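Analysis of the macromolecular model
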Amino acid sequence: MNQKSLVCFDLEDTLIPSGPHTRRAHSAIIAAAAAVHGVQPEAIERRFHVARAKLPSALATYSNLGLDPGEVRGILDRLDPGPGVDAVPHAGLILQCLQELNVGLAIVTNAPCQWARRLLYAAKLDPASFNVIVSSCDVSSPKPSPESFELALQRFDVGANQAVMVGDRDDVDLVPARSLGMGALLVSEQASLAVRFVELLSMVLAPLPTEVPRSVP
Ligand SMILES: [Mg+2]
């Protein structure tokens, strides 16, 4: 492969499925919002579910509940993810395979910096194996704003047409990536990263020549 390329991964529900750590983080944030408003956490939880259906991310929903994004980041950055954090099947092997093909690796997440790194360690994915990590601490507007994607491209010094975004949310991960000219691959519980790996490879590897030159007799 002679062309530089980059694969950007969303973190939660793309490389690391939701689990006990997600509930632990959510409870801590809801408790903080309840304290701000002087009400029971159950009341905030109900408001969260109503607002979440209309908003693109959990982060945006926490802001809607009156929590400053900096406060949410602070809560998560102090939190221990605890046990039970696993990467999606074969994630380590897939990342290693891409590295061996000289494909750059990036994380583009709305999670705050320390929380993202702790999740990666807990899931046995070394943060150092990523060339670029863009977290919500690095941008003024998190996904679905294109700012995080643009920053990843800029930090790896690669054009949008040489990069692919892999994520579990069309509206948050894929639409903004496509708007910049990046490739985009949706993953889900059924169509996981391992299931879609061949498709990902075909998107990041330079195309093979379509015509084989004829030998001169
Ligand atoms: Mg996600």
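A quick note: this is a predicted structure, and the numbers were derived from the prediction, not measured. (Residues numbered from 1 in each chain as written. Predicted model: local features only at pLDDT ≥ 70, side-chain atom pairs only at ≥ 80, totals over all residues. Heavy atoms only, no water.)

Bringing the sheet that holds strand β1 (residues 6-9) into the picture now. Strand order in the open sheet made by the 5 strands is β3-β2-β1-β4-β5, with parallel pairing throughout. Each edge of the open sheet is held by one strand with a lone partner, namely β3 (132-134) and β5 (183-186). Sheet twist, expressed as the mean angle between neighbouring strand axes with direction ignored, is 20°. Two strands pair when backbone bridges link them, and strand β4 (residues 163-167) and β5 are joined in this way by 4 bridges, in the parallel orientation. When the bridges of β5 are listed, V166 appears paired with L185. (Pairing = 2+ DSSP bridges. Helix = DSSP H or I, 4+ residues; strand = E, 2+ residues; numbered from the N terminus. Axes fitted to C-alpha atoms, helices over the stretch in contact; angles between N-to-C directions.)

Moving on to the environment of Q162. Relative to the helices and strands, Q162 is located in the loop between α7 (147-156) and β4. Residue classification places Q162 among the partly exposed residues on the basis of a relative accessible area of 22%. Taking the C-alpha atoms as reference points, Q162 and V88, 74 residues apart in sequence, are found 25 Å from one another. Excluding residues within four positions of it along the chain, Q162 makes contact with Q3, K4, S5 and L6. (Buried < 20%, exposed > 50% of the residue type's maximum accessible area, 1.4 Å probe, protein only. Contact = heavy atoms within 4.5 Å.)

Here the focus is the nonpolar core. Nonpolar side chains tend toward joint burial in soluble globular proteins. By size, the foremost hydrophobic cluster in this structure holds 48 residues, and its most contacted members are F9, L15, L98, F130, V166 and L200. Two domains each provide a minimum of three residues to this core, namely domain 1 (6-17 + 86-204) and domain 2 (20-78). Those residues in contact with F9, other than ones at most four positions away along the chain, are L15, L95, L98, L105, A106, I107, V108, F130, M165, V166, L193 and L200. Membership of the second largest hydrophobic core comes to 18 residues, among which are L6, A106, A152 and A163. (Core = buried A, V, L, I, M, F, W, Y, C linked by side-chain atoms within 4.5 Å. Domains from an automatic or database assignment.)

On to the coordination of the magnesium ion. Note on metal sites: the ideal angle is 109.5 degrees for four tetrahedral donors, and 90 or 180 degrees for six octahedral donors. For the magnesium ion, the full set of protein donor atoms is D10 (OD), E12 (O) and D168 (OD), and the range of their distances to it is 2.1 to 2.2 Å. On the primary sequence, the residues serving as donors to the magnesium ion are separated as D-x1-E-x155-D. Owing to a relative accessible area of 6%, D10 belongs among the buried residues under this scheme. The class for E12 is partly exposed, based on a relative accessible area of 27%. (Donors = N, O, S within 2.8 Å, 3.2 Å for Na, K, Ca; no water.)

The next thing to look at is the layout of surface pockets. Quantified by volume, the largest pocket comes out at close to 650 Å³. As for the largest pocket, its lining consists of 28 residues, of which E12, T22, R52, A58 and L59 are closest to the centre. Among the residues forming the lining of the largest pocket, the class breakdown is 13 nonpolar, 6 polar and 9 charged. Counting only domains with at least three residues in the lining of the largest pocket, you end up with domain 1 (6-17 + 86-204) and domain 2 (20-78). Each pocket or cavity is described by its volume, and for the second largest pocket that value is around 210 Å³. (1 Å grid on protein atoms, 1.4 Å probe; cavity = no way out; pocket = protein on both sides within 12 Å on 5 of 7 lines; lining within 4 Å. Points joined across faces, edges and corners; volume = space filled by probe spheres on them. Nonpolar A, V, L, I, M, F, W, Y, C, P; charged D, E, K, R; others polar.)

Attention shifts here to the packing of aromatic side chains. Under the definition given, this model contains 1 aromatic pair. When the ring centre of F156 is taken as origin, the NZ or CZ atom of K4, which lies over that ring, is 4.7 Å away. (Phe/Tyr/Trp six-rings, centres within 6.5 Å; stacked < 30°, edge-to-face > 60°. Lys NZ or Arg CZ within 6 Å of the ring centre and 35° of its normal.)

A few words now on α7. The complete set of buried residues in α7 reads S148, F149, L151, A152, L153 and F156. Structurally, α7 contributes buried residues whose contacts are with β1, β2 (104-108), β3, β4 and α8 (170-180). Two residues or fewer after α7 comes D157, characterised by a positive phi angle close to 55°.

Split by domain assignment, the protein resolves into domain 1 (6-17 + 86-204) and domain 2 (20-78). If you look at the interface, domain 1 gives 16 residues, while domain 2 gives 10 residues. Between domain 1 and domain 2, a total of about 1100 Å² is buried, with carbon and sulfur atoms accounting for 59% of that surface. Interface area lost by domain 1 to domain 2 is led by P112, W115 and R169, which between them contribute 37%. Across the contact surface, domain 1 and domain 2 share 0 salt bridges. (Buried area = accessible area lost by both parts, 1.4 Å probe. Salt bridge = Lys/Arg side-chain N within 4 Å of Asp/Glu carboxyl O.)

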